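Structural overview
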Amino acid sequence: MNKHVGESQKIIKRLKELAKLIDKHNHHYHNEDKPKINDAEYDKLIRENLELESKYPKLKLTESISSKVGARIQNKFVKSSHLSPMHSLANGFNQKDLIEFDERIKKFLNINLEQKLEYICEPKIDGLSLNLTYKKGYLLTAATRGDGKIGENVTNNIQNIENIPMSLKGNYPELIEIRGEIFLSKSDFQKINENLENSNKFSNPRNAAAGSLRQLDYNISRSRPLKFLAHGIGKSSKDFIQFDKFYENLETFGIVRNKLNLKTSNLKLVYQFYKQVDNKRSSLDYDIDGLVVKLNSLSNQKRLGIVGKNPRWSLALKFSAEKAKTLIKDIDFQVGRTGSITPVARLESVNIGGVIISNATLHNFDEIKKKNIQIGDLVEIQRAGDVIPQVLRVTKKNTNKCKNIEPPKACPVCGGETYKEKNEAVLRCTNTYGCYAQQISQIIHFISKKALNIDGFGEKQAKQFYDLKIISNIADIFLLEKNKNIIENLEGWGSLSFKNLISSIDKSKTINLDKFIYSLGIRFIGEINAEILAKEFKNIENFVSLSDNTSVLTNIDGLGPKAVSSIIEYFSHTQNLSLIKKLSKILDIKNNIVSNSKNFFNNKSIIFTGTLNSISRDEAKHMAKEVGAKILSSVTKNTDYVIVGDKAGSKEKKARELNLKIFSEKDFLKKIKS
């Protein structure tokens, strides 16, 4: 018998065996509710089946089990839009950070620094954020946080979770979004891990909670002892005056908040509570990583609004980072998307807070010199939340002679020249458009969750396609169908997985302008600056025209000089402009930033000068931006209105010289509230 024929028959035989086994266990699981094997064993059968089908697509059974299993082997969740965004919290780490947070609020609200503000404080549970939407008292959707605007619909998965009612009790609003945290108790986490094979065990309760909630087979999610505690409110048809009153209403709805909490207007008591909670966290049956401090007044919360992606009215006061000692086995260099060359310590693996750490950043070469770090040293490392682990200090020097770690004169990846800008600690590779590391990192950034968010397309797939020259830049991602035959026959791929990838790519083609700008990976243009640029230019055509007049950048409020220089540098390269134009034809780039406001200041360019009395200048800018105004930093002939406060100087003088329309603070407030 031909060797290949014999091998094919073996594979077909195994696929048939797997089909029978999976069918049998589906029957026990779904029809009899008496599973004969655990989830890990079942998942192992599914994985083996999918791997064989991907590797040998021509041998796939006509009645493939992958098309019959249904819910148990889905590959994605339906997306769900939040009615109001879910924001992340700014971090603080000590009493000074807490005091500065309080002062920032008072300055924004234009109130005396001695005045007391009331805060609600509660532990920050280390879990998975969830948004519950109730309409007419019934649960409409349950969705993960996702990117803050769009999450995954996990409504089917949460129906057995403690403290999430399918219908509200009492006098509930017509519509309400209730935010909270999904988590597992430490004891339940241990029980789940005991029933899993070593290779499938979760590293910590948070990962276990996230993994349990996001099971594509919702029956697995429902079987796990997940819990929920409420901590916030989104959109609501009922106006609540204070946060604690909202919490009181929650109790009547049948939803519980954390019983460990404090309401006070005394900052010293807030910090004492922070230390008390920190001291008792080891005795709690759930993981926490800090204390959330939020303003009790919901009307003031609304006034304060958001800065970047963080509410001005709330702070995550994080606990001290966890530390451990370990050995540096080696030091190598990583080249990032913007050419930054970062030294990385390869460590003897150590467990910190349930997470195995084997790498830590050394930041830059000045830091290595300052801390006198060498290979073979025993060091103390630190990990705080999701922050990359870092080396704090050397605790014991290596007695053997080792070479000092010197900055490379050539890029360790492409051999290009390296340079360090004045007043900057980071060493960079100059070969921006020819360095493998920078090019592949650019592609990975483009497809990442905060950018195009292409399901099933990650770092592994990007490197595979780039190395095989299937893609050479981000625009090639949208031409993958040309390589259908090649990709389907690659190891780990098949017709179904390729079809799913193309479907995900097609869905990603509709993107908001701010996300598109962020996805380009321009240095210093993160989410906040991308949003500022989207508000300024409003559509992709205007953004493209920036290449003809980059001088307008210097008058955009909130855009710093480094960001301005970086954008000018980016547009100075013709290949970048060509790429943007090409992408603008492929993608449906929407502008979700444009205000639909009919306010007097909508789409007007305004500037503030002098001291305002009834509100702070920051709040005035915030109010103006909310109605669609464009805030300038200097007076030009294109300025529509100049808002003048007390002791206005040269800007008022220039405005009068240019015969611009000048408003007083009173005029501004009257117009903006109309």
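Heads up: these notes are all about the structure in this document.

Conventions we followed
Residues numbered from 1 in each chain as written. Predicted model: local features only at pLDDT ≥ 70, side-chain atom pairs only at ≥ 80, totals over all residues. Heavy atoms only, no water. Helix = DSSP H or I, 4+ residues; strand = E, 2+ residues; numbered from the N terminus. Rg over C-alpha atoms; globule rule 2.2 N^0.38 Å. Buried < 20%, exposed > 50% of the residue type's maximum accessible area, 1.4 Å probe, protein only. Contact = heavy atoms within 4.5 Å. Pairing = 2+ DSSP bridges. Arc of directions from axis to C-beta. Axes fitted to C-alpha atoms, helices over the stretch in contact; angles between N-to-C directions. Parallel < 35°, antiparallel > 145°, perpendicular 65-115°, else oblique. Left-handed = near helix turned anticlockwise from the far one by under 90°. Expected span 1.5 Å × (residues − 1).

1. Regarding the overall build of the protein chain
Along the backbone of the protein chain there are 22 helices and 26 strands. For 674 residues, the compact-globule formula gives about 26 Å, and the C-alpha radius of gyration of the protein chain, at 28 Å, lands near that figure. Considering only C-alpha atoms, the protein chain reaches an extent of 95 × 65 × 60 Å along its principal axes. Counting every position in the protein chain, which comprises 674 residues, the buried fraction comes to 47%. Taking the intrachain contacts of the protein chain between residues at least 6 apart in sequence as the baseline, contacts between residues at least 24 apart amount to 68%.

2. Looking at the pairing of strand β3 (residues 119–125)
Where a strand is regular, its side chains alternate between the two sheet faces. Burial within β3 is extensive, with 6 of its 7 residues counted as buried. Note: β3 against strand β10 (residues 288–295), 6 bridges, orientation antiparallel. The residue bridging E122 from the neighbouring strand is V292, located in β10. Where β3 meets strand β9 (residues 262–264), 3 bridges bridge the pair, whose relative direction is antiparallel. Counted as the bridge partner of C121 is L262 from β9.

3. Regarding the side chain of N300
With respect to the element layout, N300 can be found in helix α9 (residues 298–304). Sequence-distant contacts of N300, defined by excluding residues within four places in its chain, comprise L109 and L295.

4. Considerations on helix α22 (residues 665–672)
Residues of α22 that are buried: E665, F668, L669 and I672. With its buried residues spanning 95° around the axis, α22 presents them on a single face. Along α22, the residues that are exposed and aim more than 90 degrees away from the buried face are K666 and K670. Residues of α22 that are buried in the fold lie against β23 (605–609), α20 (617–626), β25 (641–644) and β26 (661–664).

5. Describing the packing of helix α3 (residues 95–109) against helix α8 (residues 267–280)
Close contact between α3 and α8 brings their axes to 11 Å; oriented N to C, the two are set at 140°. It follows from the interaxial angle that α3 and α8 lie oblique. Both α3 and α8 take part in a crossing whose hand is right-handed. When α3 is examined against α8, the residues Q95, L98, I99 and D102 are found in contact with a partner set consisting of L267, V270 and Y271.

6. Details of helix α14 (residues 495–508)
Its 14 residues give α14 an end-to-end C-alpha distance of 20 Å, which sits within 8% of 20 Å, the value for a rise of 1.5 Å per residue. Of all the positions in α14, only F498, L501, I502, S504, I505 and S508 are classed as buried. Seen along its axis, α14 keeps its buried residues to an arc of 160°; they face one direction. With respect to the buried face of α14, the exposed residues turned more than 90 degrees away are K499 and K507. The inward-facing, buried residues of α14 abut α12 (459–467), α13 (484–488) and β21 (510–512).

7. Some remarks on unusual backbone geometry
A positive phi angle, close to 60°, is found at K469, a residue other than glycine. In this fold, K469 is placed in the loop between α12 and α13. Classification of K469 as exposed rests on a relative accessible area of 74%. Phi at N603 is positive, roughly 65°, even though this residue is not glycine. Structurally, N603 can be placed in the loop between β22 (588–590) and β23.

8. Thoughts on the pairing of strand β17 (residues 378–383)
Of all 6 residues in β17, 5 are buried; the element is thus mostly enclosed. Bridging between strand β14 (residues 322–335) and β17 involves 6 bridges; their strand directions are antiparallel. Residue pairing across strands places K323 opposite Q382, the latter belonging to β17. Strand direction decides the pairing type here: β17 and strand β18 (residues 390–396), joined by 5 bridges, are antiparallel. In the strand pairing of β18, I381 is matched with V391.

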